[in-house]
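Spelled out, the chains give:
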Amino acid sequence: MSLPPKQPTPRFLLAGDRALTVEFGQTIDALTNRRVQQLAARLNAQRGDAIVGVVPTYRSLTVSYEPLRISLDALRAKIVACLAGEQLGSVPSRRWLVPVCYGGECGEDLETLAATHDMTPGEVIALHSAPVYRVYMVGFLPGFAYLGDLDQRLHTPRRAVPRPLTPAGSINVGGQQTAIASVAGPSGWHLLGRTPWRSFDPQRVNPFLFAAGDEVVFTPIGEKDYAQMAAAIDRGDDLPRPVSREPEDER
Amino acid sequence: MSVRIKVHSPGLFTTLQDGGRFGYEHQGVPPSGPMDSIAHRIANLLVGNPANAAALEMTALGGSFAVVGGDCNVCVSGRVQLLVDSPGEVQRELETWRTHRLAAGSVLSVGYLEHGMRAYLAVAGAFVVPLVLGSASTLTRARLGGIEGRCLAAGDEIPIGAATAAVDSRTFPRELIDACYGTGAIGVLLGPQDDYFSAGQIDAFLGAGFKVSAQSDRMGYRLQGPAIAHRHGADIVSDAIVAGSIQIPGSGQPIIALHDRQTTGGYAKIATVIAADLPRLGQYQPGQIVRFTALSIDDAVERWRALVARLGAFAAQCGRPIPFPEENNMNRGVTYRD
């Protein structure tokens, strides 16, 4: 698909003397995020001595560069040139069917969250596992995937008091976002469930499962399945894989 | 067995750091690496290592370390007292910023930091640990790198690689140290979200002194001072955070993101510390007052150029020209040892 006409021109913001942020907008939406990721892909292809790194986020990307190798003006010109051929149809994406054990020990906030919204736990699970989520960005901690487009009926303010330690693999809801936690850590988000997958494992050939732009669908599983899959992953017998998918399947 | 360092007492927060783990920020992994890259690089160069080799970063209090299994050249950089007990000799004081040959069985004691917050211990041949995502740097928050992803503990033994060349004893001269670090207010560039603040609040930020709080670590410094007010609230849609990003949360008290930072965050960032002043900032102690001065991008880049040139000239004298800029080279998997 081509871009709808009249896309706003991004703003350039200085993030110090070795990084430039290209801001496409100030909202969380799929079109803005696609623009971010397309530019990220194009700039990544030019990484080297001058362009050192590219970090795509919800609605902007930050380009790290070496100012003794490329001037700020030259970098801006390079980015403007990349934007000239903006087209969003060709961005390939992977889809992951992520197994999730909702509620119980794996998701201790499921019942409270359901009660907050006057729903049953089953209704929460149905709403949470229905959408095809987009990985809007990976950040905060290694491999931590922020997913967009959580059903409005599940938007929930964060906990007043964060938990000091939540397990790796937690499937969380905080505000209007949902996420897959990659490593154990403190969190103020609500724990709905847990996946036996490890989205970050530095010992694996591919340490990170998810990348910005990937699609994620949650598949509810029971506690027994969870235990079996977790054991298989621990033994190294099972490796999470994306499902195959036509690259051009616009929603 | 090969030469190694045995930890007798680990100090307060001692971690292994090489130049950094670059190229994974888009996957949520901060680069880590030394809080003071000047002292880290010089310590390595003085023992004949590549500037970005793995060395120990000690915080506030050094610790004591025994040389086991053979002789070894060492260097400690930082403003700290350094003592050595060698077999059959009386205890003596050693100069910092200088190469020393220690006999097997020597115990090196690194005292409290007299000035600054961090000192570095480099050994000829460099510390050898398994690399995680291409780097030996420790990120304790995610238990990555270094020794099992943690601070050193008493009893740890860290192997040392083979030193490739005999190294003359060298000193990094005092006047060069001063020239590298600079003095005065910490330079910043305004942005990326300086438009979240009125001109009056930006002036207040630049005119004030902020105390570095006790809640300051490798992840970032929390500052205490006059509250900086936002025009319309502190929250932004989360975007990338770089080393030196100065975030202003709802409390109005600035947080400077540093090397073990979270890679993204949702508070407006009023300014960013310039590259050339990050090493000096890494030496601020809790309780110390930090002030900021706004620079132009051209001035900031000039100061970076001057620092790189000074370090580069010294590296060339040491026979270890820095493949500049070494951060970039590490992105492409340059090795840390010979």
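Residues numbered from 1 in each chain as written. Chains lettered and ligands numbered in written order. Predicted model: local features only at pLDDT ≥ 70, side-chain atom pairs only at ≥ 80, totals over all residues. Heavy atoms only, no water.

Caption draft 1: Broad picture of the pairing of strand S6 (residues 133-138) of chain A. All names here are of chain A. Most of S6 sits inside the fold, with six of its six residues counted as buried. Two elements, S6 and strand S13 (residues 215-221), share two bridges in a ladder whose sense is antiparallel. When the sheet's bridge partners are listed, Tyr133 is paired in S13 with Val216. Where S6 and strand S7 (residues 145-147) come together, three bridges link them in antiparallel fashion. (Buried < 20%, exposed > 50% of the residue type's maximum accessible area, 1.4 Å probe, protein only. Helix = DSSP H or I, 4+ residues; strand = E, 2+ residues; numbered from the N terminus. Pairing = 2+ DSSP bridges.)

Caption draft 2: Expanded view of the interface of chain B and chain A. The interface of chain B with chain A comprises 44 residues on the first partner and 43 residues on the second. Of the roughly 3600 Å² buried between chain B and chain A, counting both surfaces, carbon and sulfur atoms make up 59%. A salt bridge links Asp195 of chain B to Arg11 of chain A, with the nearest nitrogen and oxygen atoms 3.3 Å apart. Across the chain B-chain A interface, the total number found is nine residue pairs in polar contact (both at pLDDT 80 or more). Mapped by element, the contributors of at least two residues to the side of chain B that touches chain A are strand S12 (186-190), strand S15 (235-240), helix H5 (297-317) and helix H6 (326-331) of chain B. Take the side of chain B that touches chain A: its biggest share by element is six residues, from H5 of chain B. (Contact = heavy atoms within 4.5 Å. Buried area = accessible area lost by both parts, 1.4 Å probe. Salt bridge = Lys/Arg side-chain N within 4 Å of Asp/Glu carboxyl O. Polar contact = N/O pair within 3.5 Å; in protein donor to acceptor, adjacent residues only side chain to side chain.)

Caption draft 3: Representation of the sheet that holds S6 of chain A within the structure. Residues and elements named next belong to chain A. Taken in spatial order, the seven strands of this closed barrel run S5-S12-S9-S10-S7-S6-S13, and their pairing is mixed. Direction aside, the axes of adjacent strands within the sheet are offset by 40° on average. Where strand S9 (residues 170-174) meets strand S10 (residues 177-180), four bridges bridge the pair, whose relative direction is antiparallel. Looking across to S10, one finds that Gly174 is bridged to Gln177. (Axes fitted to C-alpha atoms, helices over the stretch in contact; angles between N-to-C directions.)

Caption draft 4: Here's a closer look at the packing of helix H2 (residues 174-181) of chain B against H5 of chain B. Residue and element names in this part refer to chain B. Two elements in contact, H2 and H5, have axes whose closest approach is 9 Å; the angle formed by their N-to-C orientations is 150°. As far as their axial angle goes, H5 and H2 are roughly antiparallel. Read as a crossing pair, H2 and H5 show a hand that is left-handed. Judged by residue contacts, Leu176, Ala179 and Cys180 of H2 engage Leu307, Arg310, Leu311 and Phe314 from H5. Partitioning the contact of H2 with H5 into residue classes produces six nonpolar, no polar and one charged. (Parallel < 35°, antiparallel > 145°, perpendicular 65-115°, else oblique. Left-handed = near helix turned anticlockwise from the far one by under 90°. Nonpolar A, V, L, I, M, F, W, Y, C, P; charged D, E, K, R; others polar.)

Caption draft 5: Spatial organisation of the environment of Pro249 of chain B. All names here are of chain B. Mapping Pro249 onto the fold places it in the loop between strand S16 (245-247) and strand S17 (255-257). Overall, the relative accessible area of 8% leaves Pro249 in the buried class. Taking C-alpha positions, Pro249 is 9.1 Å from His230, a pair spaced 19 residues apart along the chain. Every residue in contact with Pro249, bar those within four places of it in the chain, is listed here: His230, Ala234, Ile255 and Tyr267.

Caption draft 6: Representation of the domain arrangement of chain B in the model. Residues and elements named next belong to chain B. What the domain assignment lists for chain B is domain 1 (4-170 + 322-331) and domain 2 (186-298). Taking only C-alpha atoms, the centre of domain 1 and the centre of domain 2 are 29 Å apart. Listed by partner, the interface residues are 25 residues for domain 1 and 18 residues for domain 2. Summed over both partners, the interface of domain 1 with domain 2 buries about 1600 Å², with 49% contributed by carbon and sulfur atoms. Contact with domain 2 buries surface across domain 1, with Met35, Met117 and Arg141 losing the most and accounting together for 36% of the total. Between the two partners, domain 1 and domain 2, sit two salt bridges. The salt bridge partner of Glu25 is Arg261, with a shortest N-O separation of 2.8 Å. Here domain 1 is connected to domain 2 by 14 residue pairs in polar contact (both at pLDDT 80 or more). Looking at the side of domain 1 that touches domain 2, the elements that each hand over two or more residues are strand S2 (15-17) and helix H1 (37-46). Of the residues in the side of domain 1 that touches domain 2, the class split is ten nonpolar, nine polar and six charged. (Domains from an automatic or database assignment.)

Caption draft 7: Examining H2 of chain B more closely. All names here are of chain B. Listed in full, the buried residues belonging to H2 are Ile177, Cys180 and Tyr181. The buried residues of H2 occupy one face: seen down the axis, they fall within an arc of 90°. Of the surrounding secondary structure, the elements contacted by the buried residues of H2 are H1, helix H4 (278-281) and H5. Just past H2, the residue Gly182 takes up positive phi, approximately 75°. (Arc of directions from axis to C-beta.)

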